[in-house]
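# Examination of the molecular architecture
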Amino acid sequence: MSIETVGDDRTPVRRRGPLAGVRVTDFCWMGVGAVATRMLADFGAEVIRIEDRKRPDLPRRLPIYKGDVRAYGDEDPNPDPNKGGLFNNYNRNKVGITLNMRSDEGREIADRLIADSGIVTENFAPGVMERWGITWDHVTGLRPDAIFARMSGYGHDGPHHGFRSYGPVIQAVCGLSFNSGLPGREPSGWGMSYMDNQAAYYNAIALLMAIYRRNATGQGMEIDVSAVEAGIGLLGPDLLDTLVNQRPSRRDDFPRGNRLEFPDAAPHGVYPAAGDDQWVAIAVTEDTEWKSLVTAMGHPAWASEDRFASMADRVAHADELDALVGAWTSEHDKHALMRELQAAGVPAGAVQNARDLVEVDPQVAARGTFFELDHPVIGPALFEGNPMTFSRTEQHTWRSAPLLGEDNTYVLRDILGMDEDEIARLAAEEII
């Protein structure tokens, strides 16, 4: 991974990578849009992140602060818009400007940027871009080969296209929440914004395909990505089970938690380890693995009982087996137990928390998954990298996220050709 050393100078640098030369006018906010354009920015695109100075992006306001632990919903009543760690993570390697899109002149500046870049992205609630006059017809009027990428919860047509959404809503509507949890219990959900990030990857792929096609044909296109449909794509096996076997998604034995539907496997689950809220995953799918596990456990008497003699027996008595295995695992460190079982040929893995990933896991460290960037307000902070490497290109990381309006002068002067007096006037009139 290439990390540009800029010291105190955060002036935008000439980008490197397969997307160098691509410029994006980016209205995206939160994860579903911002993570998509971050992917482009990581590999050389110049992403110009447009914000409203009076209405900062939600990740700027959420109290995810370095060294200041708060509950997720415990918002800072007077947040520093440059302190938010989530915004810093979502918007690295981007250029940031402020525009008052409620003003005619602000919208005119946006039009100039769209015409210059040829790519515009957004994931606002339905109707916001239309109120600003930024429609497909308007965008192609500014630049005939434009790419207009729209990312929303439900898509921009159909009876629900006007609904607003967040990650937890998408997860519920697409069916993921219904299929999550334990037998006989209420759906458990998938965390705060799982589908925000999943849909973002589809958005990034769609943008890359559109750029590729424009390079080949000279033609732009409008992109419409639905996060609900991205979530439905994760339900393939369950949809097949319902259609082919006529089995409902929720029943007394499903969701199965950590147990397999096929093939038979026992013990198969997540078991307590020594310490507070520490766990280890074990998956035994063959008799040879069972024998190795029994040896690692020291051949307890219960392991030779008839109820555990075969895989079918162990599956039939899975509850009793889980309790016995869990009593044994609870006395061992999860990482030490993982290494011992893996060495014995038993599939096992420590259930890792954030600290484990950053400070303990040797594979993650060897791959350089996390890297550090400095930030004028937050200070040095860790970022997660992309989960792929290339032999002939690399991620070009040059800066942490932009401060609010940090690059106004660079964009307006160096890209749009405005002089210093005009920029000062725009700032005084709160256009930027």
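Residues numbered from 1 in each chain as written. Predicted model: local features only at pLDDT ≥ 70, side-chain atom pairs only at ≥ 80, totals over all residues. Heavy atoms only, no water.

As recorded in an unreviewed UniProt entry, the protein chain goes by the name Crotonobetainyl-CoA:carnitine CoA-transferase CaiB-like acyl-CoA transferase, listed as coming from Nocardioides zeae.

Moving on, we get to unusual backbone geometry. Here Ala-266 and Pro-267 are connected by a cis peptide whose omega angle stands at 0°. Within the fold, Pro-267 resides in the loop between helix H10 (236-245) and strand S8 (268-272). Of note, Asp-277 is a non-glycine position whose phi angle comes to about 55°, a positive value. Structurally, Asp-277 is set in the loop between S8 and strand S9 (279-283). (Helix = DSSP H or I, 4+ residues; strand = E, 2+ residues; numbered from the N terminus.)

Quick look at the sheet that holds strand S10 (residues 348-351) now. The strand order S8-S9-S10 describes an open sheet built from 3 strands, whose pairing is antiparallel. The outermost strands of the open sheet, each flanked by one partner alone, are S8 and S10. Strand-to-strand, the axes of this sheet are offset by a mean angle of 25°, without reference to chain direction. Pairing geometry for S9 and S10, over 4 bridges, is antiparallel. Within S10, the position partnered with Trp-279 by the bridge is Val-351. (Pairing = 2+ DSSP bridges. Axes fitted to C-alpha atoms, helices over the stretch in contact; angles between N-to-C directions.)

Time to look at the packing of helix H17 (residues 408-415) against helix H18 (residues 420-428). Taken N-terminus to C-terminus, the directions of H17 and H18 make an angle of 140°; their axes are 10 Å apart at the nearest point. One way to sum up the angle between H17 and H18 is to call them oblique. The hand of the H17/H18 crossing is right-handed. In this structure, H17 uses Thr-409, Leu-412 and Arg-413 to contact H18, whose residues at the interface are Glu-420, Ile-423 and Leu-426. A per-class count over the contact of H17 with H18 returns 3 nonpolar, 1 polar and 2 charged. (Parallel < 35°, antiparallel > 145°, perpendicular 65-115°, else oblique. Left-handed = near helix turned anticlockwise from the far one by under 90°. Contact = heavy atoms within 4.5 Å. Nonpolar A, V, L, I, M, F, W, Y, C, P; charged D, E, K, R; others polar.)

Right, let's talk about a nonpolar patch on the surface for a bit. A cluster of nonpolar side chains, Ile-232, Leu-239, Leu-240, Leu-243 and Val-244, forms an exposed patch at the surface whose accessible area comes to about 480 Å². The dominant element in the nonpolar patch, judged by the number of residues it contributes, is H10, at 4 residues. By secondary structure assignment, the location of Ile-232 is in helix H9 (residues 227-232). You can call Ile-232 partly exposed: its relative accessible area is 36%. (Patch = residues over 30% accessible without salt bridge, like charges linked within 9 Å, V, L, I, M, F, W, Y side chains within 5 Å. Areas by Shrake-Rupley, 256 points an atom, 1.4 Å probe, with all protein chains shown as cover. Salt bridge = Lys/Arg side-chain N within 4 Å of Asp/Glu carboxyl O. Buried < 20%, exposed > 50% of the residue type's maximum accessible area, 1.4 Å probe, protein only.)

Inspection of every chain in the model, using the stated rule, returns 28 salt bridges. For Arg-23, the salt bridge identified is with Asp-116, shortest N-O distance 2.5 Å. Placement of the pair is Arg-23 in strand S2 (residues 23-26) and Asp-116 in helix H4 (residues 104-117), with a sequence separation of 93 residues. One salt-bridge network, in which partners are shared between bridges, spans Arg-10, Arg-399, Glu-406 and Asp-407.

Aromatic ring pairs are described here by two measures, namely the spacing of the ring centres and the angle between the planes. Tallied over the full model, the rule gives 8 aromatic pairs. On the numbers, 6.2 Å between centres and 90° between planes, the contact of Trp-29 with Tyr-166 is edge-to-face. Residue Trp-29 is found in the loop between S2 and helix H1 (30-42), and its partner Tyr-166 is found in the loop between strand S6 (147-152) and helix H7 (167-173); the two are separated by 137 residues along the sequence. Ring pairs connect the aromatic residues Phe-27, Phe-124 and Trp-132, which therefore count as one cluster. In this structure, Arg-60 is placed above the aromatic ring of Phe-87, and the distance from its NZ or CZ to the ring centre is 3.7 Å. (Phe/Tyr/Trp six-rings, centres within 6.5 Å; stacked < 30°, edge-to-face > 60°. Lys NZ or Arg CZ within 6 Å of the ring centre and 35° of its normal.)

Right, let's get into the packing of H1 against helix H8 (residues 194-217). Two elements in contact, H1 and H8, have axes separated by 7 Å at closest approach and are oriented at 45°. As summarised for this structure, H1 and H8 are arranged oblique, according to the angle between their axes. As for how H1 packs across H8, the hand of that crossing is right-handed. For the pair H1 and H8, contact is made by Met-30, Gly-31, Val-32, Val-35, Ala-36, Met-39 and Leu-40 and by Asp-196, Asn-197, Ala-199, Ala-200, Tyr-201, Asn-203, Ala-204, Leu-207 and Ile-211, respectively. Looking at the contact of H1 with H8 residue by residue, the class counts come to 12 nonpolar, 3 polar and 1 charged.

Within the secondary structure, Asn-82 sits in the loop between helix H2 (58-61) and helix H3 (85-90). Within the local environment of Asn-82, its side chain forms a polar contact with the backbone nitrogen of Leu-404, the two atoms lying 2.8 Å apart. Setting aside its immediate chain neighbours within four residues, Asn-82 contacts Arg-60, His-375, Val-377, Ile-378, Leu-403 and Leu-404. (Polar contact = N/O pair within 3.5 Å; in protein donor to acceptor, adjacent residues only side chain to side chain.)

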